[in-house]
Amino acid sequence: MEEQEKLQFQTQLLELRARTQKLLEEKTANPLPEPKDEAELGSAALDMALELSSKKVLKETLEMIEKALKRLEAGIYDICEICRRKIPLNRLKTIPYTSYCVECQAKIEEEKGK
Ligand SMILES: [Zn+2]
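In this text, all values refer to a predicted model and were calculated from it rather than measured experimentally.

S.K.: Just checking my understanding: could you explain the overall build of the protein for this structure?
M.R.: Helix and strand counts for the protein come out as five helices and zero strands. Along the protein, from the amino end to the carboxyl end, the secondary structure elements read α-α-α-α-α. Here the protein, with 114 residues, has 32% of them falling under the buried criterion. By sequence separation, contacts in the protein at least 24 residues apart represent 55% of the contacts at least 6 residues apart.

The following block contains the structure:
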């Protein structure tokens, strides 16, 4: 991964972290009825999905962001944690805090659903 790309992802992750932290604080200060945990953290609607996420999902997202930042520093940001194949750049642009490729993510979701 190119240095410049790394930097872009880092900036994106740091912004996302600040935003998620703020949302978490707001939700803690003004507890509203919690939405379902199943809030889809999908593609273009990432921001929107975060707003609708429960505190639990926000905390999980924060942990994933922290992990992604460490993975970025270690130079393994675009390597899938499970199968060690490259995670496509487009996927990282959509979900910058993922550490799995599409196939492995699908397997995890499947396991969870069992
Ligand atoms: Zn994988």
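S.K.: Can you help me understand the side chain of S99 in this one?
M.R.: Within the secondary structure layout, S99 lies in the loop between helix 4 (89–94) and helix 5 (102–113). Leave out the neighbours within four places in its chain, and S99 touches K67, R71, I79, C80, E81 and I87.

S.K.: Looking at this structure, how should I read the coordination of the zinc ion?
M.R.: Reference values for coordination geometry: four tetrahedral donors around a metal ideally subtend 109.5 degrees, six octahedral donors ideally subtend 90 or 180 degrees. For the zinc ion, the full set of protein donor atoms is C80 (SG), C83 (SG), C101 (SG) and C104 (SG), at a range of 2.3 to 2.4 Å. In this structure, the zinc ion is coordinated by four donor atoms arranged in tetrahedral fashion, with angles at the metal of 105 to 117 degrees. Donor residues for the zinc ion sit on one chain with the sequence pattern C-x2-C-x17-C-x2-C. With a gap of 21 residues between them, C83 in the loop between helix 3 (55–74) and helix 4 and C104 in helix 5 connect regions that are remote in the sequence. With relative accessibility at 27%, the residue C83 sits in the partly exposed group.

S.K.: It is not clear to me how unusual backbone geometry should be interpreted in this structure. Could you clarify?
M.R.: Excluding glycine, residues mostly carry a negative phi; peptide bonds, for their part, are mostly trans. Its identity is not glycine, yet R84 carries a phi of approximately 65 degrees, on the positive side. Here R84 shows up in the loop between helix 3 and helix 4. By relative accessible area, which is 57% here, R84 ends up exposed.

S.K.: Whenever I open this one, the environment of L52 confuses me. Can you help?
M.R.: Of note, L52 is situated in helix 2 (residues 46–52). A residue is classified by how much of its surface remains accessible, and L52, at 48% relative accessible area, is partly exposed.

S.K.: Looking at this structure, how should I read helix 3?
M.R.: Turn by turn, an α-helix covers 3.6 residues, leaving residues three or four places apart pointing in a common direction. The end-to-end C-alpha separation of helix 3 is 29 Å, in line with the 28 Å expected for 20 residues at 1.5 Å each. Among all positions of helix 3, only V57, L58, T61, L62, I65, A68, L69, R71 and L72 are buried. Downstream of helix 3 by one or two residues, G75 has phi in the positive range, about 80 degrees.

Rules of the game
- Residues numbered from 1 in each chain as written.
- Predicted model: local features only at pLDDT ≥ 70, side-chain atom pairs only at ≥ 80, totals over all residues.
- Heavy atoms only, no water.
- Helix = DSSP H or I, 4+ residues; strand = E, 2+ residues; numbered from the N terminus.
- Buried < 20%, exposed > 50% of the residue type's maximum accessible area, 1.4 Å probe, protein only.
- Contact = heavy atoms within 4.5 Å.
- Donors = N, O, S within 2.8 Å, 3.2 Å for Na, K, Ca; no water.
- Tetrahedral: all angles 85-135°; square planar, octahedral: opposite > 155°, others 65-115°.
- Expected span 1.5 Å × (residues − 1).

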